[in-house]
Amino acid sequence: MLQIASYDPSGKISEEIYGYSCWEKIKDAVYLGAKSPEELEESIMSQRTDVVLAAADEHDFTRIDFIRKLLANYPDIFVVVIGNSDSCHFVRNIFLLGAFDYLLTDELEKELGKTIMRMSRTQRSAYFSGKIYDKVLVLARHIFDGGSNVGELVKDIVDTIYSDWNDNTIACQQVIEHVKQESYKHFVRKKPWLEKFIYRGDYIRDIGFELKSKGEIEEELCRYYSEVNQLFTKYNVIDVNKTIYTIGKSVIRQVDSKVTLDSVARDVYLNKTYISHIFKEMTGISFNDFVTELKTDRAKTLLHYPDMNVSMIADMLCFGSSGYFSAIFKKHTGFTPTQYRELIKK
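Quick caveat: nothing in here was measured; it's all calculated off a predicted structure.

(A) Focus on the overall build of the protein chain. Across its full length, the protein chain holds 17 helices and five strands. Across the protein chain, the fraction of contacts at a sequence separation of at least 24, relative to all contacts at a separation of at least 6, is 65%.

Right, dumping it as C-alpha cells:
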C-alpha cells in the first residue's frame, strides 16, 4: 500500500489531484494533501509516507532546497516533482537531486497513474530483494536437496508477505508473483532443462487482478513447488553419470520433435543398442519409457497455453494422432488432456 502525500502550498494542484480518475484503478494507494512543510512532515512521520508529489516552480529555489532537504532526510521516499518548465537544465537538476519522476502540470492527470504504478512495482521489487529472496533460495535448495514437503516453507513465505503488506490482496499477489518468477529463474539457472517443463505463469498477464484468498494462493504455491519437486526428483536420474546425462540432455533437446534411439545415437555419437542397455541399467527406466514420461510432462506445460489445442500439441510432440496422445496422457496422469486443461482453469 503506497501512502502518497502532496506538497502544494497553493492547494490548487492537490485539490485537482483528488478528482483524478486514476484513483479508481489504483486500489493500493492512499492520497493525502499537505499545504505546508509542517503538514508534510507530520504526514511522513505519522502515516509513513512513501511518495511525495512536490509542486515546484523553476524560479522558486526555496522549493528546490526543500526537495533537496526532503531527500536527504528521507532517502527511501519517492519524490515526484510537478512543474510547468520544460527546460532540460531544470529537469536535469531535479533528477540529480534524486527525484523519481518529473511531470508537467498539463500532462499530470494522464501520466500520474502510470508513475504510481511504476513506483508500486519498484517498491515491491525492493521489498522482495530485501526480505523474501533469501526465503526463496532456502525453498529452492530444499527442493534441489531432495526435500519432499514444501508446505511449511511456502506457508512461511506467504505468512510473511501477508503480514508485511497488511493483507493488501493486490500487493500480496504481485509480490507472490515475483516469488514465482524469481524462483523460476533460479530453477532454470540451476537445471536449464526444467525450462521446458515448468509453466511460467503471470497473474497480471493471464487473469488480470482476479483476487484470491490467502488460502487459495498458499495452496496454489504448494501445488506449483510440489510439481517442480516431482520433476526434479524424476529426472534427477540423468545426473547419475556423464554418459546418462548426455543421453538425457539429448532427449530433452529433442522433446518437441520425434525422439528415437537412432536420433539420440546420432546426436551423442554412441551405439543405439549400447544406449538402450546402459540407460536401463543405470536408471532403472527403459529409454522408451523415459521419452514417453518426458513428452507427457512437456504436454502438461503446453496445455497451460489456451492458443494450443490438443491436436496441435499431439502433432508438435509427434504422438501420431490426438487419440493416441490422449490415451497415453491419461495412462500417465489419470486425466485426458481436455480434463487436465479444465483442472488448470479451476
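(B) The arrangement of the packing of aromatic side chains in detail. This structure, assessed with the given rule, holds 15 aromatic pairs. Ring geometry for Tyr-235 versus Phe-290: centroids 5.8 Å apart, planes at 85°, classification edge-to-face. One end of the pair, Tyr-235, is in helix 10 (residues 214-235); the other, Phe-290, is in helix 14 (residues 287-302), and 55 residues separate them in sequence. In this structure, Tyr-235 and Phe-290 share a single accessibility class: buried. With centroids separated by 4.9 Å and ring planes inclined at 45°, the aromatic side chains of Phe-319 and Phe-325 adopt a geometry described as tilted. Using a relative accessible area of 10% as the deciding quantity, one classes Phe-319 as buried. The exposure class assigned to Phe-325 is buried, which follows from its relative accessible area of 0%. Among the aromatic residues, ring-to-ring pairing joins Phe-144, Phe-187, Tyr-224, Tyr-225 and Phe-232 into one connected group. For the cation-ring pair, Lys-190 lies above Phe-144, with the distance from its terminal atom to the ring centre recorded as 5.7 Å.

(C) Region of the structure containing the pattern of salt bridges. One pass over the full model with this rule turns up 15 salt bridges. Asp-256 serves as the salt-bridge partner of Arg-298, at 2.9 Å between the closest nitrogen and oxygen. In this pair, Arg-298 is assigned in helix 14 and Asp-256 in the loop between helix 11 (242-253) and helix 12 (261-268), connecting sequence segments 42 residues apart. Accessibility expressed as a relative area gives 24% for Asp-256, which makes it partly exposed. In the salt-bridge network here, residues are joined through shared partners; they are Lys-234, Glu-293, Asp-297 and Lys-300.

(D) Inspection of the packing of helix 6 (residues 108-144) against helix 10 at higher detail. Two numbers describe how helix 6 lies on helix 10: the axes approach to 9 Å, and their chain directions differ by 35°. Residues Leu-139, Ile-143 and Phe-144 of helix 6 form the contact with helix 10, whose own contacting residues are Tyr-225, Val-228, Asn-229 and Phe-232. Class assignment of the residues belonging to the contact of helix 6 with helix 10 gives a composition of six nonpolar, one polar and no charged.

(E) A look at helix 5 (residues 88-97). Turning to helix 5, its buried residues are Phe-90, Val-91, Ile-94 and Leu-97. In a view along the axis of helix 5, the buried residues occupy a sector of 115°, so they form one face of it. Within helix 5, the exposed residues directed more than 90 degrees away from the buried face are Cys-88, His-89, Arg-92 and Leu-96. Just downstream of helix 5, Gly-98 is the residue with a positive phi angle, here 115°.

(F) Region of interest: the nonpolar core. In this structure, Ile-161, Phe-187 and Tyr-225 are the most contacted members of the largest nonpolar core, which totals 53 residues. Those elements that place two or more of their residues in this core are helix 6, helix 7 (151-164), helix 8 (169-190), helix 10, helix 11, helix 12, helix 13 (272-283) and helix 14. Broken down by element, the residue count for this core peaks at nine residues, all from helix 10. Once you skip the residues sitting within four places of it in the chain, Phe-187 turns out to touch Ala-140, Ile-143, Phe-144, Leu-194, Ile-198, Tyr-225 and Val-228. If you look at the next biggest cluster of nonpolar residues, it comprises 21 residues, including Ile-64, Ile-67, Val-81 and Leu-97.

(G) Highlighting unusual backbone geometry. For Asn-166, which is not a glycine, the phi torsion comes out positive at approximately 50°. Phi is positive for Tyr-269, close to 60°, though the residue is something other than glycine. Mapped onto the elements of the fold, Tyr-269 is located in the loop between helix 12 and helix 13. For Tyr-269, a relative accessible area of 75% translates into the label exposed.

(H) How the structure looks around the pairing of strand 3 (residues 51-55). The element strand 3 is extensively covered by neighbouring structure, given that five of its five residues are classed as buried. The side-chain alternation of strand 3 yields two buried faces, one formed by Val-51, Leu-53 and Ala-55 and the other by Val-52 and Ala-54. Sheet topology places strand 1 (residues 2-7) next to strand 3; four bridges connect them, and they run parallel. Bridge pairing in strand 3 places Tyr-7 opposite Ala-54. Pairing between strand 3 and strand 4 (residues 78-83): five bridges, direction parallel. From the neighbouring strand, Leu-53 faces strand 4, where its bridge partner is Val-80.

(I) Here's a closer look at the environment of Gly-113. Assignment of secondary structure puts Gly-113 in helix 6. On the basis of relative accessible area, Gly-113 is assigned to the buried category, the value being 14%. Residues Gly-113 and Ser-21, 92 residues apart in the sequence, show an inter-C-alpha distance of 8.9 Å.

(J) Seen up close, the side chain of Thr-115. Tracing the backbone through its elements, the reader meets Thr-115 in helix 6. Note on Thr-115: relative accessible area 2%, which makes it buried. Not counting the four nearest positions on each side in its chain, Thr-115 is found in contact with Val-80, Phe-100, Asp-101 and Leu-103.

Quick notes on the rules
Residues numbered from 1 in each chain as written. Predicted model: local features only at pLDDT ≥ 70, side-chain atom pairs only at ≥ 80, totals over all residues. Heavy atoms only, no water. Helix = DSSP H or I, 4+ residues; strand = E, 2+ residues; numbered from the N terminus. Contact = heavy atoms within 4.5 Å. Phe/Tyr/Trp six-rings, centres within 6.5 Å; stacked < 30°, edge-to-face > 60°. Buried < 20%, exposed > 50% of the residue type's maximum accessible area, 1.4 Å probe, protein only. Lys NZ or Arg CZ within 6 Å of the ring centre and 35° of its normal. Salt bridge = Lys/Arg side-chain N within 4 Å of Asp/Glu carboxyl O. Axes fitted to C-alpha atoms, helices over the stretch in contact; angles between N-to-C directions. Nonpolar A, V, L, I, M, F, W, Y, C, P; charged D, E, K, R; others polar. Arc of directions from axis to C-beta. Core = buried A, V, L, I, M, F, W, Y, C linked by side-chain atoms within 4.5 Å. Pairing = 2+ DSSP bridges.

By themselves, these are just geometric observations and shouldn't be taken as functional.
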